[in-house]
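Notes for the structure review
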Amino acid sequence: MEAQKLSFFLLLLLSAALPPPSLISAKELCNSNDKKVLLQIKADLGNPYALASWLSNTDCCTWYAVTCNSNNRINQILVQYDNKLTSTIPSAVADLPYLELIFFHKLPHLTGTIPESITKLTRLTQLWITWTNVTGFPDFISKIPTLTYINLSFNNLTGTIPPSLSVLNNVNYVDLSRNKLTGPIPESFGSFKQASNFYLILSHNELSGSIPKSLTKLTLQNFNVSNNKLCGHIPQGGSLQRYTEYEYLHNECLCGSPLLLACK
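Small disclaimer: the values here were computed from a predicted structure and weren't measured. (Residues numbered from 1 in each chain as written. Predicted model: local features only at pLDDT ≥ 70, side-chain atom pairs only at ≥ 80, totals over all residues. Heavy atoms only, no water.)

Taken in spatial order, the 6 strands of this open sheet run E7-E9-E11-E13-E15-E16, and their pairing is parallel. Only two strands of the sheet have a single partner each, and these edge strands are strand E7 (135-136) and strand E16 (253-255). Here strand E15 (residues 229-233) pairs with E16 via 3 bridges, running parallel. Across the sheet, the residue bridging to Gly 232 is Leu 254, located in E16. (Pairing = 2+ DSSP bridges. Helix = DSSP H or I, 4+ residues; strand = E, 2+ residues; numbered from the N terminus.)

Have a look at this one:
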């Protein structure tokens, strides 16, 4: 009997020493280094409301605007729809080694250039920076061989399109529309390896010169070069005639099918 009383007393003491279940936090899944980097990114972006869930005392795999892979490493960052965010793209995004997607969208006060540090990201497949005021042109993205998808539309990108983009063997989607890009469409664009299912959207820029004949080598699922300063005969063959005149309109002096204007 005395032994039973003693056991009961010890059980009471043990229960009193333990915190209530509500205070026992679950084991955090998020990698500590990834969490540190994300908090730095948040600070660099000026602690925007879009990242309000990024708190140091919570699991970063549960935060809004990021996702974790099956190993609980951050593999996507998606910052969007914040017209009060005033900053540049933090170079710290390159310190997330498992990152596969960078997505910055509808951030009208995001300025500056895309940081070259992202060339460190050996798993990056999608670079999606749209509807911002980012400037320059990141010609270094040809050094990210894992890329499959490049969407840099609706920004303030300037300069020429680097021919080196065509060395990206896995890319099948390039959208550079609605910028201020100048110079020619690179002849090398006809040598993209994923030629059988390619998206090439270059409309609403200030591109000049002619449409390269090499583009007839691509099977284009989507194509648009309208609203530029292009001139000359539209090459015949490949996928270029499967599109309507809409994809060629409002250029300097393009002619030939599918435009109604015949070449002299």
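Let us keep going from here.
Attention now goes to the packing of aromatic side chains. Using the criterion set out here, one finds 10 aromatic pairs in the structure. An angle of 15 degrees between the planes, with centres 4.2 Å apart, marks the rings of Tyr 149 and Tyr 173 as stacked. Linking Tyr 149 in strand E8 (residues 149-151) with Tyr 173 in strand E10 (residues 173-175), this pair joins segments that are 24 residues apart in sequence. When the centroid spacing of 6.1 Å and the interplanar angle of 50 degrees are considered together, the rings of Phe 223 and Tyr 243 count as tilted. Highlighted residues: Phe 223 in strand E14 (residues 220-224) and Tyr 243 in the loop between E15 and E16, separated in sequence by 20 residues. Here Tyr 243 falls in the buried class, since its relative accessible area comes to 12%. Through a chain of ring-to-ring contacts, three or more aromatic side chains come together here, namely Phe 103, Trp 128, Tyr 149, Tyr 173 and Tyr 199. (Phe/Tyr/Trp six-rings, centres within 6.5 Å; stacked < 30°, edge-to-face > 60°. Buried < 20%, exposed > 50% of the residue type's maximum accessible area, 1.4 Å probe, protein only.)

What the rule picks out here adds up to 4 salt bridges. Ionic pairing is found between Glu 28 and Lys 35, a salt bridge with its closest N-O pair at 2.9 Å. The class of Lys 35 is buried, set by a relative accessible area of 10%. Ionic pairing is found between Glu 116 and Lys 143, a salt bridge with its closest N-O pair at 3.8 Å. Taken together, the residues span a long stretch of sequence, with Glu 116 in the loop between strand E5 (110-111) and strand E6 (126-132) and Lys 143 in the loop between E7 and E8 at a distance of 27 residues. (Salt bridge = Lys/Arg side-chain N within 4 Å of Asp/Glu carboxyl O.)

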